[in-house]
Amino acid sequence: MSIKVIVAGFKGRMGSTAVDMVKNDDELELAALLDPFAAEKEIDGVPVFTDKNDLIGFDAHVWVDFTVPKVAYENTHFALEHGFRPVVGTTGFTQEQIADLTALSADKKTGGLIAPNFAIGAVLLMEFAAKASKYFPDLEIIELHHDKKKDAPSGTAIKTAELIQEVRNYKKQGAADEEETLAGARGAEFDGFRIHSVRLPGLVAHQEVIFGAQGEGLTLRHDSYDRISFMSGVNLGIKEVVKREQLVYGLEHLL
Ligand SMILES: NC(=O)c1ccc[n+]([C@@H]2O[C@H](COP(=O)([O-])OP(=O)(O)OC[C@H]3O[C@@H](n4cnc5c(N)ncnc54)[C@H](O)[C@@H]3O)[C@@H](O)[C@H]2O)c1
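Owing to the predicted nature of the structure, the values given are computational and were not obtained by experimental measurement. (Residues numbered from 1 in each chain as written. Predicted model: local features only at pLDDT ≥ 70, side-chain atom pairs only at ≥ 80, totals over all residues. Heavy atoms only, no water.)

### What about the packing of helix α2 (residues 69-81) against helix α3 (residues 95-108)?
- At a minimum axis separation of 10 Å, α2 and α3 run at an interaxial angle of 5 degrees. Considering the angle they form, α2 stands roughly parallel to α3. Across from Y73, T76, H77, L80 and E81 in α2, the residues of α3 making contact are Q97, D100, L101, L104, S105 and K108.
- Here the residues of the contact of α2 with α3 sort into four nonpolar, four polar and three charged. (Axes fitted to C-alpha atoms, helices over the stretch in contact; angles between N-to-C directions. Helix = DSSP H or I, 4+ residues; strand = E, 2+ residues; numbered from the N terminus. Parallel < 35°, antiparallel > 145°, perpendicular 65-115°, else oblique. Contact = heavy atoms within 4.5 Å. Nonpolar A, V, L, I, M, F, W, Y, C, P; charged D, E, K, R; others polar.)

### Topic: the packing of aromatic side chains
- Following the criterion strictly, the structure yields six aromatic pairs and no others.
- With 6.1 Å between their ring centres and 55 degrees between their planes, F136 and F211 make a pair best called tilted. Here F136 is found in the loop between α4 (120-135) and β8 (139-145), whereas its partner F211 is found in strand β11 (residues 205-213), with 75 residues between them in sequence. Like F211, F136 is buried.
- In this structure, K52 is placed above the aromatic ring of F78, and the distance from its NZ or CZ to the ring centre is 5.6 Å. (Phe/Tyr/Trp six-rings, centres within 6.5 Å; stacked < 30°, edge-to-face > 60°. Buried < 20%, exposed > 50% of the residue type's maximum accessible area, 1.4 Å probe, protein only. Lys NZ or Arg CZ within 6 Å of the ring centre and 35° of its normal.)

### Quick look at the domain arrangement of the protein chain
- We note that the domain assignment places domain 1 (3-114 + 228-249) and domain 2 (120-224) within the protein chain.
- The C-alpha centroid of domain 2 is placed 29 Å from the C-alpha centroid of domain 1.
- Facing the ten residues of domain 1 at the interface are eleven residues of domain 2.
- With both chains or domains summed, domain 1 and domain 2 bury close to 870 Å², and 51% of this area falls on carbon and sulfur atoms.
- The largest contributions to the domain 1 side of the interface with domain 2 come from R13, T91 and Y249, which together make up 47% of the buried area.
- Taken together, the connections running from domain 1 to domain 2 amount to zero salt bridges.
- For the pair domain 1 and domain 2, the interface holds five residue pairs in polar contact (both at pLDDT 80 or more).
- In terms of residue class, the side of domain 1 that touches domain 2 is made up of four nonpolar, five polar and one charged. (Domains from an automatic or database assignment. Buried area = accessible area lost by both parts, 1.4 Å probe. Salt bridge = Lys/Arg side-chain N within 4 Å of Asp/Glu carboxyl O. Polar contact = N/O pair within 3.5 Å; in protein donor to acceptor, adjacent residues only side chain to side chain.)

### Notes on unusual backbone geometry
- In the segment running from A152 into P153, the intervening peptide bond is cis, with an omega of 0 degrees.
- Among the secondary structure elements, P153 is positioned in the loop between β8 and α5 (155-167).
- We note that K109 has phi near 50 degrees; this positive angle belongs to a residue other than glycine.
- Mapped onto the elements of the fold, K109 is located in the loop between α3 and β7 (112-114).
- On the accessibility criterion, K109 (57% relative accessible area) is exposed.

### Points about the sheet that holds strand β10 (residues 193-199)
- If you trace the five strands from one edge of the open sheet to the other, you get β9-β10-β8-β11-β12, paired in mixed fashion. Either end of the sheet is taken by a strand with one partner, and the two such strands are β9 (188-190) and β12 (216-224). Strand-to-strand twist across the sheet, computed as the mean angle between neighbouring axes with direction ignored, equals 20 degrees.
- Sheet topology places β11 next to β12; nine bridges connect them, and they run antiparallel. Within β12, the residue paired with E208 across the bridge is R221.
- With respect to the sheet, α4 is in contact with β8, β11 and β12, its orientation differing from that of β12 by roughly 160 degrees.
- Helix-sheet contacts for α5 involve β8, β9, β10 and β11, and the interaxial angle to β8 is about 160 degrees. (Pairing = 2+ DSSP bridges.)

As structure tokens, this is what we get:
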């Protein structure tokens, strides 16, 4: 039996790439499409919705979400409430929202995944960065994305910072008497280290974690040159959440 998939945000850059991935996998079936900006009623026999409430009671197993940060929480909540297992790439969740959705999924015994980055290389970068921070507590994160991205810093940068925080001994970096003569010059502060967001046309999704120590440096970098880089992770997520009864935050929990 194929896994029936709803794609929310199918008109967008990531949503449209996810639609192609689902269509090209015989184990998956594109069941419905959702986007408030859709004018079509159906595409190649697949029903199109502009309001999620019209999907209540719809026959589908998984809700893939690549929408916008301001609806990420309500969409994921809606999916769990109505028996669709969420596979969410949309960014912008707070830690409280993730905790809340994890509790709801446990309550509903419904699997799910929120992954700030579906690219395997990015997941590895996060893991390597956390490991290195134990030995190199002085670090800065630089994330670089296309200039249409709505949230900053990226979900990947936040997740990387959280993983580092778990391992690194707290340290307030920089000179004690450091002064910003131009506000924001030193980036955002997270647990004593800095995160910088670059937005330029031509970029897709990139991240560097730069470590510095006495007389040496270490730079870890990951590049997504194409949105196809996220699709093996989304595919894995769809196939795993149907077997599980609890939402997880981070693709590494399914690898
Ligand atoms: N997890 C990852 O690996 C990963 C990778 C790239 C991007 N992202 C994130 O995915 C999200 C989407 O990125 P994008 O570049 O495709 O954005 P986009 O702006 O190209 O597409 C977003 C789409 O969502 C639609 N939308 C808005 N509100 C909606 C709603 N309530 N219900 C359904 N659809 C709605 C919009 O009409 C649009 O078509 C962003 O949060 C981005 O940061 C995640």
